[in-house]
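Structure assessment
Below, each chain spelled out in residue letters.
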Amino acid sequence: MTLRQWTTPFLMAATLSLGLAHAHPDAAHVKADAAWARASVPGQQATGAFMRLTAEEPLRLVGVETSVAGVAEVHEMKMEGDVMRMRAIDGLDLPKGVPVELKPGGYHVMLMQLKGPLLKDSQVPVTLVFKDAKGETSRLNLQLPVRAMAPAGAAPAAGHGGHAGHAH
Ligand SMILES: [Cu+2]
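Now for a quick tour of the structure.

**Things to note about the overall build of the protein chain**
Helix and strand counts for the protein chain stand at 1 helix and 10 strands. Reading the protein chain from its N terminus to its C terminus gives the helix and strand order α-β-β-β-β-β-β-β-β-β-β. Counting the 168 residues in the protein chain, one finds 35% classified as buried. Accessible surface, the protein chain: about 10100 Å² in total, of which carbon and sulfur atoms supply 59%.

Next comes the structure, spelled out in structure tokens:
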């Protein structure tokens, strides 16, 4: 194997790792509105982040990167009988031009193994990773305001109140 063949993958790896922390030429063609993360208290392991995503081309949200949590996943939440459950999903499809809500009680970004409490009125960096129809990866870097509850104008929580079969 020639030196050149050895060098290329090495450079590519270095470029990829640098790219995580910097503005990208391959910025995702998607808009995020009403984004926020829920404040957490010391000792709390996990919290959620929420936003409305509108893609300019068909995209799939396939991952989340952040420095504030050991693990970040895309989750869905739904009723199974009387019990609200959530689970990680491989990806969330974003049709072109159709807003998709990530909100309490629905799809959300789950931040787990928090490295410290998310303090109200601070900001946390979260990068969303997308794939397009050709499998090309793009990223959207966000600074999410940390709030105790959903901001006015955000989508109302799903799955709470008004649902048949919700025993009290
Ligand atoms: Cu979750």
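Still more to cover.
**A few points about the coordination of the copper ion**
Only His75 (ND1), Met86 (SD), His108 (NE2) and Met110 (SD) from the protein coordinate the copper ion, and they sit 2.1 to 2.3 Å from it. Considering all 4 donor atoms around the copper ion, angles at the metal cover 100 to 116° and the coordination shape is tetrahedral. Positions of the donor residues of the copper ion, expressed as sequence spacing, correspond to H-x10-M-x21-H-x1-M. Of this pair, His75 sits in strand β4 (residues 69-80) while Met86 sits in strand β5 (residues 83-88), and the two are 11 residues apart along the sequence. Classification of His75 as buried rests on a relative accessible area of 5%.

**Examining the nonpolar core**
Judged by nonpolar contacts, the single largest core of 31 residues is most densely connected at Val30, Leu53, Leu128 and Phe130. Once residues within four sequence positions are removed from consideration, Leu53 is found in contact with Val30, Lys31, Ala32, Leu61, Leu94, Val98, Pro99, Val100, Leu102, Leu128 and Phe130.

**So, the pairing of β4**
Regular strands show a simple pattern: their side chains alternate between the two faces of the sheet. In terms of strand pairing, β4 meets strand β8 (residues 108-114) through 6 bridges, oriented antiparallel. From the neighbouring strand, Ala72 faces β8, where its bridge partner is Leu111. Summarising the sheet, β4 and β5 pair through 6 bridges and their orientation is antiparallel. In the strand pairing of β5, Met79 is matched with Met84.

**Observations concerning the pattern of salt bridges**
Per the counting criterion, the structure on display carries 8 salt bridges. Between Asp33 and Lys31 there is a salt bridge, with the nearest N and O atoms lying 3.3 Å from each other. Salt-bridge contacts for Asp121 lead to Lys120; the nearest nitrogen and oxygen are separated by 3.8 Å. The residues Asp121 and Lys120 share a single accessibility class, namely exposed.

**So, the environment of Asp90**
For Asp90, the position within the fold is in the loop between β5 and β6 (92-94). By relative accessible area, which is 70% here, Asp90 ends up exposed. Ignoring sequence-local partners within four residues, the contact set of Asp90 consists of Arg60, Leu61 and Val62.

Conventions used here
- Residues numbered from 1 in each chain as written.
- Predicted model: local features only at pLDDT ≥ 70, side-chain atom pairs only at ≥ 80, totals over all residues.
- Heavy atoms only, no water.
- Helix = DSSP H or I, 4+ residues; strand = E, 2+ residues; numbered from the N terminus.
- Buried < 20%, exposed > 50% of the residue type's maximum accessible area, 1.4 Å probe, protein only.
- Areas by Shrake-Rupley, 256 points an atom, 1.4 Å probe, with all protein chains shown as cover.
- Donors = N, O, S within 2.8 Å, 3.2 Å for Na, K, Ca; no water.
- Tetrahedral: all angles 85-135°; square planar, octahedral: opposite > 155°, others 65-115°.
- Core = buried A, V, L, I, M, F, W, Y, C linked by side-chain atoms within 4.5 Å.
- Contact = heavy atoms within 4.5 Å.
- Pairing = 2+ DSSP bridges.
- Salt bridge = Lys/Arg side-chain N within 4 Å of Asp/Glu carboxyl O.

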